[in-house]
Amino acid sequence: MHGTALALGVEKLAGVTAPPRAQAIRSLIAELERVHSHLLWLGVAAHEGGFDTLFMYSWRDRETVMDLLEGISGNRVNYSANVLGGVKLDISQEQADAIRKGIDFLEERSHFYMKVVTNDETFLARTRDVGTMTKEQAVLFGAVGPTGRASGLDMDIRASAPYAAYTDFPVNVITGTRGDLEARFVVRIKELFETFRLIRELLDKMPAGELTVRVPRKIPAGETISRVEAPRGELFYFLKSNGSDTPDRLKIRTPSLCNWASVMKLAVGHKLADIPMMVAGIDPCFSCNDRLFMIRRKESDPGQIWTWEDLRRYGIGYYQK
Amino acid sequence: MNDIVIPPLVALMFFPGGLALLAGSLLYEWADRKLLACFQNRIGPRWFQPLADVVKLLSKEEVMPEGVNKLLFLMLPVIALAGSLTAALYVPIAGFSPAFSFNGDLVVTLYMLSLLTLCLGLAGANTVDRFSLVGATRTLTQLFSYEAPFLLALLGPALAAGTWQINQVNNFAAQNWWMMLIQPIGFLVALVGLMGKLELTPFDAPEAETEIVAGALTEYSGRGFALFRLGKNVELVIGLTLMAAFYLGGIHNPLDFLLKTLGLLLVLSFLQSLFARLRIDQVVGLWWRIGALLALVNILLVLVIF
C-alpha cells in the first residue's frame, strides 16, 4: 500500500505511467492486503470485547489470504511488489486459480462473521450504540476510511480519485448510517464482499502486456501528492524532488492519525469497559502515529525551536550513528 | 460406596480433600482450558501445564507493592485458599461421604466459597493500583449480583429434599428423577450462576485483560497469585460437585463423579466460547432483572409441587 503510494507519486513527477497489467497487479495486491487487514481487525476488535472465539476463528481464516500473498510475493506481510514504473512480480494462471479458491472460502466465512456480529446478543450489547459518531462529527474530526464511512461519509479514494487500476475496475463505496461500533463492523465486513468481487474481476479481466516501464534515474524537480485508499482509510504522500536521484522531502500522513481525534471526543461519557473497543474501532496503527513534537519552554531560549535545516541535520546525524 | 467413612484427618489432608483435591483441581483447570481451546480451534496447554504454572509461581519472588497493608497482602491468598479447601469438606467429592456434615452445611459451603471472592476483592482494594481497584470493585459488584440467584437456585433441590444438608440432598437426588429435569429453570440459573462465581466469560469483567490487566490480582505475583489460582481451581471442582449432587441425580462413586462433573465442565467450556464479555452494569442488570426472578419462580414452583 505504501509502496504503491510512493511509486505513484514518483511516476507522476517523472511523467511516466506504469503499464495496465502492472496497475492491475498493484490493485490486486492492495485488495488482498485489505482482506488480510480487515480480518485481522475483526479479530483484534473481538478480543477487545472479550469475544476470543471470534478472534481465534478470524485469525485462523486470515491465514488463507496470508498464504495466498506469500505464494505471490514470497512474503507474508511486506510484499514489495512495487518498483518505480511498475511491479516486479506477475500472476500466473495457477496463482490466479489459487486466489479464486481462497477467496471463495473466505467469502463463505465472511458471511458467517456477518451473521455473528449482527446477531450475537452479548456482542451486540457491547457494540450497538457505543461510540456513535454522526456524519457531521465525522466531517468535523476528519475521519477517513471505514471509520468515516460507517457514519455515512461517502469517501473512498478508490472511487473519488481513482488510481492504479481502479479507473477500469470501479469500486462501490460501502457506507453505513448508524455510526456506532456495530456499523463499523458491518461496513468492514461488507467491504470484504466488495473486495472479493473486485479481486475476481481483476483476475478475470487482467490486461496482458509489460510489467514495467522505464523511469529516468533522475526525477525532475517538483512536488506532488499521491493518495491511496489503505484498509484503514486515506493514505497521503507528499513528495518533493530537487532534480537528483534522492527525494528532497517525503511526508506521510497515515489514516490512523486522522481518526484519533474522533476517539478522544467520542470516548467522553462512556464506560471504562467500552474504551478498548472504541480505540480498536478505528483500527488504530500505533506505529503510524509516531510524530516529533518540539516543545518551546521559554521565550528566551530560541534553541528549543528547530529550523528545517536543524531537523534535517539531526535526522542525518541520527542514522549515521 | 457412600457409606465408606474415611478418617477425618485423612480426608482433610490427603483424600478426598487436601492434596488429592489440589491435584484434581489442577487437572480440572487443564480440562477446562483444553476444552475451551478445542472449541476455539486452538491447540491448548499440555496436561501438566497448570501444575507447571503453580510450581513456577511458587518459586518466583513475591513483589510487595508500595502502599499496601503487608499483613493483609500476605494473608488474603492463604485465607482464600483455606476458605475453598474448607468448603470441600462438606461436599461429596469423588462420591465419598463428606468429612463433616450437619444440617445447614449448604449455607456454610456457599459462604466459604464467597470468602474466596471476598478475599479477591479485598486483595484488589488493598493495593493502590488503579487496575486492582477497578477490578476489586467489579469483583465485589458481581458477587452481589450472582450470589442471591445462585443460592436460590441451589435451594430448589434442597427444599424438595426437605433438608439443607448437602449429603442428604445428594441421597435424595439419587432416589428421584434428576432434578435437572424436574427443575430446569433452577438448573439453568445455577449453571450460569456458577459461571459468574468462577468469573468465566461472559462474566469475566472483573479480570478483563484488555481493560484492567488482571483485575484485582494485578499486583500479585509469585506465591500469592499461585494460592489464589489454586483456590479458584478448588472452587471450580466444588461448584461442579455441588451442581452434580443437586441437579444431576447425586454422585455415589468416583466414576459417577467423574462422568457428571466432566460432562458439566464440557457444557461450561462450550458456553464460555459462545459469548463476548459483558460490561459490569450489564451483568448486574442481567442477574437482578432475569436471574433473580427466574430463581424465585423456581422456588415458588418447588414450594407448590412438593
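Residues numbered from 1 in each chain as written. Chains lettered and ligands numbered in written order. Predicted model: local features only at pLDDT ≥ 70, side-chain atom pairs only at ≥ 80, totals over all residues. Heavy atoms only, no water.

**A few points about the overall build of chain B**
- In terms of regular secondary structure, chain B is built from 13 helices and zero strands.
- Secondary structure elements of chain B, listed N to C terminal, follow the sequence α-α-α-α-α-α-α-α-α-α-α-α-α.
- For a compact globule of 306 residues, the expected C-alpha radius of gyration is about 19 Å, and chain B comes in at 19 Å, within 12% of that figure.
- Judged by the C-alpha coordinates and their principal axes, chain B covers about 55 × 45 × 40 Å.
- For chain B, with 306 residues in total, the buried portion stands at 56%.
- For chain B, the share of sequence-separated contacts (at least 6 apart) that also reach a separation of at least 24 residues comes to 78%. (Helix = DSSP H or I, 4+ residues; strand = E, 2+ residues; numbered from the N terminus. Rg over C-alpha atoms; globule rule 2.2 N^0.38 Å. Buried < 20%, exposed > 50% of the residue type's maximum accessible area, 1.4 Å probe, protein only. Contact = heavy atoms within 4.5 Å.)

**Brief notes about the overall build of chain A**
- Check the secondary structure of chain A and you find 12 helices and five strands.
- Taking 2.2 N^0.38 as the reference for a compact globule, 321 residues should give roughly 20 Å; the C-alpha atoms of chain A span a radius of gyration of 21 Å, in line with that estimate.
- Its C-alpha atoms put chain A at 65 × 60 × 35 Å along the principal axes.
- Here chain A holds 321 residues, and 53% of them are scored as buried.
- Considering only intrachain contacts with a sequence separation of at least 6, the fraction spanning at least 24 residues in chain A is 72%.
- For chain A, the centre of its 42 positive side-chain charges and the centre of its 41 negative side-chain charges are spaced 5 Å apart. (Lys, Arg positive; Asp, Glu negative; His and termini not counted. Charge placed at Lys NZ, Arg CZ, Asp CG, Glu CD.)

**With respect to the packing of helix α5 (residues 105–126) of chain B against helix α11 (residues 222–247) of chain B**
Residues and elements named next belong to chain B.
- At a minimum axis separation of 11 Å, α5 and α11 run at an interaxial angle of 150°. As judged from the angle between their axes, α5 and α11 are roughly antiparallel. Once α5 is placed against α11, the crossing between them reads as left-handed. Across from Leu-106, Thr-109, Leu-110, Leu-113, Leu-116, Thr-117, Cys-119, Leu-120 and Ala-123 in α5, the residues of α11 making contact are Phe-228, Gly-231, Lys-232, Glu-235, Ile-238, Leu-242 and Phe-246.
- Within the contact of α5 with α11, the residues separate by chemical class into 11 nonpolar, three polar and two charged. (Axes fitted to C-alpha atoms, helices over the stretch in contact; angles between N-to-C directions. Parallel < 35°, antiparallel > 145°, perpendicular 65-115°, else oblique. Left-handed = near helix turned anticlockwise from the far one by under 90°. Nonpolar A, V, L, I, M, F, W, Y, C, P; charged D, E, K, R; others polar.)

**Details of the side chain of Ser-25 of chain B**
All names here are of chain B.
- Along the chain, Ser-25 turns up in helix α2 (residues 18–39).
- Of note is the side chain of Ser-25, whose polar atom sits 2.7 Å from the backbone oxygen of Leu-22.
- Excluding its chain neighbours within four sequence positions, the residues that come into contact with Ser-25 are Asn-233, Val-234 and Val-237. (Polar contact = N/O pair within 3.5 Å; in protein donor to acceptor, adjacent residues only side chain to side chain.)

**Some details on the nonpolar core**
- Grouped together as the largest cluster of nonpolar side chains are 74 residues, with contacts concentrated most on Leu-28, Leu-32 and Ile-99 of chain A.
- The dominant element in this core, judged by the number of residues it contributes, is helix α2 (residues 20–48) of chain A, at 13 residues.
- When neighbours within four sequence positions are excluded, Leu-28 of chain A is seen to be in contact with Ile-91, Ile-99, Ile-199, Leu-202, Leu-203 and Met-206 of chain A.
- Of all hydrophobic cores here, the second largest spans 68 residues; its members include Ile-166, Leu-191, Phe-203 and Val-283 of chain B. (Core = buried A, V, L, I, M, F, W, Y, C linked by side-chain atoms within 4.5 Å.)

**Things to note about the interface of chain B and chain A**
- Counting residues at the interface gives 20 residues for chain B, matched by 21 residues for chain A.
- Carbon and sulfur atoms make up 54% of the area that chain B and chain A hide from each other, which totals about 1,800 Å².
- Along the contact surface separating chain B from chain A lie three salt bridges.
- Two residues, Glu-211 of chain B and Arg-126 of chain A, come together in a salt bridge whose shortest N-O distance is 3.9 Å.
- For the side of chain B that touches chain A, the secondary structure elements donating two or more residues are α6 (130–161), α10 (209–212), α12 (254–274) and α13 (280–305) of chain B.
- The leading source of residues in the side of chain B that touches chain A is α10 of chain B, at four residues.
- Taken together, the residues that form the side of chain B that touches chain A break down as seven nonpolar, six polar and seven charged. (Buried area = accessible area lost by both parts, 1.4 Å probe. Salt bridge = Lys/Arg side-chain N within 4 Å of Asp/Glu carboxyl O.)

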